[in-house]
Amino acid sequence: MQGVLAEVTRGGRVESFHMGRAVVTDGRGEVVWSCGDVVSPVFPRSTVKALLALPLVESGAAARLGLTDAELALACASHGGEPLHAETASNMLERVGRDVGCLECGTHWPTYTEAAYDLAARHARPSALHNNCSGKHAGLICLACDQGIDPQGYVQPFHPVQRQVTEALEILTGAPHTADYRGVDGCSMPTYAIPLKALARGFARFGSGEGLSGGQNDAARQLREAVAAKPFMVAGSGRFDTRLMNHFGTRVFCKMGAEGMMVASVPQLGLGIAIKTDDGANRAAEVALPALLQRFGHAIWSDSDRILLEELAQQPLRNWNGIDVGAVRAAKELI
């Protein structure tokens, strides 16, 4: 039995519901609050990109290659393919003598509409640099090259780089990442189904460092600081992740994933949050998270923090004439 995560209103009435599950845990994996089934495995999809970037930093590769905050933030990103995103991914590859031909993520048009229009207006075609996962892939290539490993086939489960990042996922979440839990993500990387509460635990530990080695904790902190310094790189213009972290800085880390997945870390509270909408609607996760942040962090937020969270927890619906016709709002059970 799942719970209601979000309501869609029109004319003062609830028109639709988004069902799903959500959980808040501490770094030990103790459930602080939950809604719905948080034990059955789900695919985290792109929510775990920051965890995948941990070996890049912990190994010392990022320091040896001189990766900037913008480049580290892009390694954690699901970006919109805007010019700065593509340029930064290219710069990462250049640091290890590689180019776009080394990327194994595939090509799609920028998801940020204006960037796609700009390419089309110039009669240009997108490249793998515009893929929303190009930063993650560039980071894996940097890790391989720094270690003297041939990056070819780095998306395959048994490539040495994949073994390193999978180990990081297992350490933080405490969940097995074996072949029977493995699927293939949109960018051809492996994605492993794990319990939602294990995912929340992973991000509680990513934020607090609980249970991590000194090197892992330092790497997590560096990635959180990079994302807070360059939140545009994590998503882009008008995007939820960028807007939230632009305001909160290092106080909140969040990451959207495909099919209605969302995670967050609140380092000051030592808590991790994970959300999954049953119908895969990202809009439901985007109102559920602010409601949970408000609920569990209310005592530590400023007035301006609360105003933003309240605004994000109820987002207006506008028709093609720009008229407000309703809203997508967090369900009362989350508030």
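Data block above holds the structure.
All figures in this text were calculated on a predicted structure; none of them were measured in a lab.

Q: Which parts of the structure should I look at to understand the pattern of salt bridges?
A: A pair can form between side chains of opposite charge whenever their charged atoms are brought close. Taken as a whole and judged by the stated rule, the model has 14 salt bridges. Measuring nitrogen to oxygen at the nearest pair gives 3.5 Å for the salt bridge that ties Arg-21 to Asp-278. Placement of Arg-21 in strand β2 (residues 13–26) and of Asp-278 in the loop between β10 (271–277) and α13 (282–297) is noted, with a sequence separation of 257 residues between them. Since its relative accessible area comes to 12%, Arg-21 is described here as buried. Its salt-bridge partner being Arg-28, residue Asp-26 comes within 2.8 Å of it at the nearest N-O pair.

Q: Would you mind going over the packing of helix α7 (residues 134–146) against helix α8 (residues 160–173) with me for this structure?
A: Running from N to C, α7 and α8 cross one another at 115 degrees; their axes reach a closest spacing of 10 Å. Here α8 runs roughly perpendicular to α7, going by the angle between their axes. For the pair α7 and α8, the crossing hand works out as right-handed. Each of Leu-140, Leu-143 and Ala-144 in α7 lies in contact with α8, whose residues at this interface are Val-161, Gln-162, Gln-164 and Val-165.

Q: Would you mind showing me how to read empty space enclosed by the protein here?
A: The rolling of a water-molecule-sized probe over the atoms marks out the regions of remaining empty space. A full pass over the atoms with the stated rule returns three cavities of 30 Å³ or more. Each pocket or cavity is described by its volume, and for the largest cavity that value is around 150 Å³. Secondary-structure elements contributing two or more residues to the lining of the largest cavity are α1 (49–52), α8 and β6 (190–192). With five residues, the single largest contributor to the lining of the largest cavity is α8.

Definitions and cut-offs
- Residues numbered from 1 in each chain as written.
- Predicted model: local features only at pLDDT ≥ 70, side-chain atom pairs only at ≥ 80, totals over all residues.
- Heavy atoms only, no water.
- Salt bridge = Lys/Arg side-chain N within 4 Å of Asp/Glu carboxyl O.
- Helix = DSSP H or I, 4+ residues; strand = E, 2+ residues; numbered from the N terminus.
- Buried < 20%, exposed > 50% of the residue type's maximum accessible area, 1.4 Å probe, protein only.
- Axes fitted to C-alpha atoms, helices over the stretch in contact; angles between N-to-C directions.
- Parallel < 35°, antiparallel > 145°, perpendicular 65-115°, else oblique.
- Left-handed = near helix turned anticlockwise from the far one by under 90°.
- Contact = heavy atoms within 4.5 Å.
- 1 Å grid on protein atoms, 1.4 Å probe; cavity = no way out; pocket = protein on both sides within 12 Å on 5 of 7 lines; lining within 4 Å.
- Points joined across faces, edges and corners; volume = space filled by probe spheres on them.

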